[in-house]
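One-letter residues, chain by chain:
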Amino acid sequence: HPIDTMTETERLWRIRQAIAELPDGQRQCMQLWLEDFSSEEISRALRLSVVAVKSRIRDAKRALRERLGDEGALPEEWNHDEQN
């Protein structure tokens, strides 16, 4: 159904816009996380502790939900396991 696809595309666009407007630290962590980097890999790439990375990702997700409501729920394929 084409309208469903459009709605999903628009939703993803809005989520990406909201991510782009996050504070730098949260945005960088989120972008790497969405590319399937593990918390450990992100911590090495950004020279942060793993605890800081997990905290920023958690804060970023909370900010997205607050900003977008239910729309801010990340697509299922983005919610990969954070324990990897």
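As a reminder, the structure under discussion sits directly above these lines.
Predicted, not measured: the structure shown is a model, and the values here were computed from it.

S.K.: Looking at this structure, I do not really get the packing of helix α3 (residues 39-46) against helix α4 (residues 50-68). What am I missing?
M.R.: The angle between the axes and the distance between the axes are what describe a pair of packed helices. The N-to-C vectors of α3 and α4 enclose an angle of 105°; their axes lie 8 Å apart at closest approach. Taken together, the axes of α3 and α4 are roughly perpendicular relative to one another. Contacts between α3 and α4 involve Ser 39, Glu 40, Ile 42 and Ser 43 from the first element and Val 50, Val 53, Lys 54 and Ile 57 from the second.

S.K.: How do you make sense of unusual backbone geometry when you look at a structure like this?
M.R.: Peptide bonds are, in most cases, trans, and in most cases residues other than glycine have a negative phi. We note that Asp 36 has phi near 80°; this positive angle belongs to a residue other than glycine. Examined against the element boundaries, Asp 36 turns out to sit in the loop between α2 (24-34) and α3. Despite not being glycine, Arg 47 shows a phi value in the positive range, around 55°.

S.K.: Is there a simple way to explain the pattern of salt bridges in this structure?
M.R.: A complete count under the given rule lists three salt bridges for this structure. Two residues, Asp 24 and Arg 27, come together in a salt bridge whose shortest N-O distance is 2.7 Å. One end of the pair, Asp 24, and the other, Arg 27, are both in helix α2, three residues apart, so they sit about a helical turn from each other.

S.K.: Can you help me understand the environment of Arg 62 in this one?
M.R.: On the secondary structure map, Arg 62 appears in helix α4. Assessed through its relative accessible area of 39%, Arg 62 is described here as partly exposed. A distance of 3.2 Å separates the side chain of Arg 62 from the side chain of Asp 59, its partner in a polar contact.

S.K.: Is there a simple way to explain the environment of Ala 73 in this structure?
M.R.: For Ala 73, the position within the fold is in the segment after α4. Residue classification places Ala 73 among the partly exposed residues on the basis of a relative accessible area of 37%. Put simply, Ala 73 and Lys 61 are twelve residues apart on the chain and 8.2 Å apart in space, counted from C-alpha to C-alpha. Non-local contacts of Ala 73, meaning those with residues more than four positions away in its chain, are made with Arg 11 and Ile 15.

S.K.: Would you take a moment to explain the packing of α2 against α4 for this structure?
M.R.: As a packed pair, α2 and α4 sit with axes 8 Å apart at the nearest point and diverge in direction by 95°. As far as their axial angle goes, α4 and α2 are roughly perpendicular. On the side of α2, the interface is formed by Gly 25, Gln 26, Cys 29, Met 30 and Trp 33, while α4 contributes Val 53, Arg 56, Ile 57, Asp 59, Ala 60, Lys 61, Ala 63 and Leu 64. Residues belonging to the contact of α2 with α4 are distributed by class as follows: eight nonpolar, two polar and three charged.

Calculation rules
Residues numbered from 1 in each chain as written. Predicted model: local features only at pLDDT ≥ 70, side-chain atom pairs only at ≥ 80, totals over all residues. Heavy atoms only, no water. Axes fitted to C-alpha atoms, helices over the stretch in contact; angles between N-to-C directions. Helix = DSSP H or I, 4+ residues; strand = E, 2+ residues; numbered from the N terminus. Parallel < 35°, antiparallel > 145°, perpendicular 65-115°, else oblique. Contact = heavy atoms within 4.5 Å. Salt bridge = Lys/Arg side-chain N within 4 Å of Asp/Glu carboxyl O. Buried < 20%, exposed > 50% of the residue type's maximum accessible area, 1.4 Å probe, protein only. Polar contact = N/O pair within 3.5 Å; in protein donor to acceptor, adjacent residues only side chain to side chain. Nonpolar A, V, L, I, M, F, W, Y, C, P; charged D, E, K, R; others polar.

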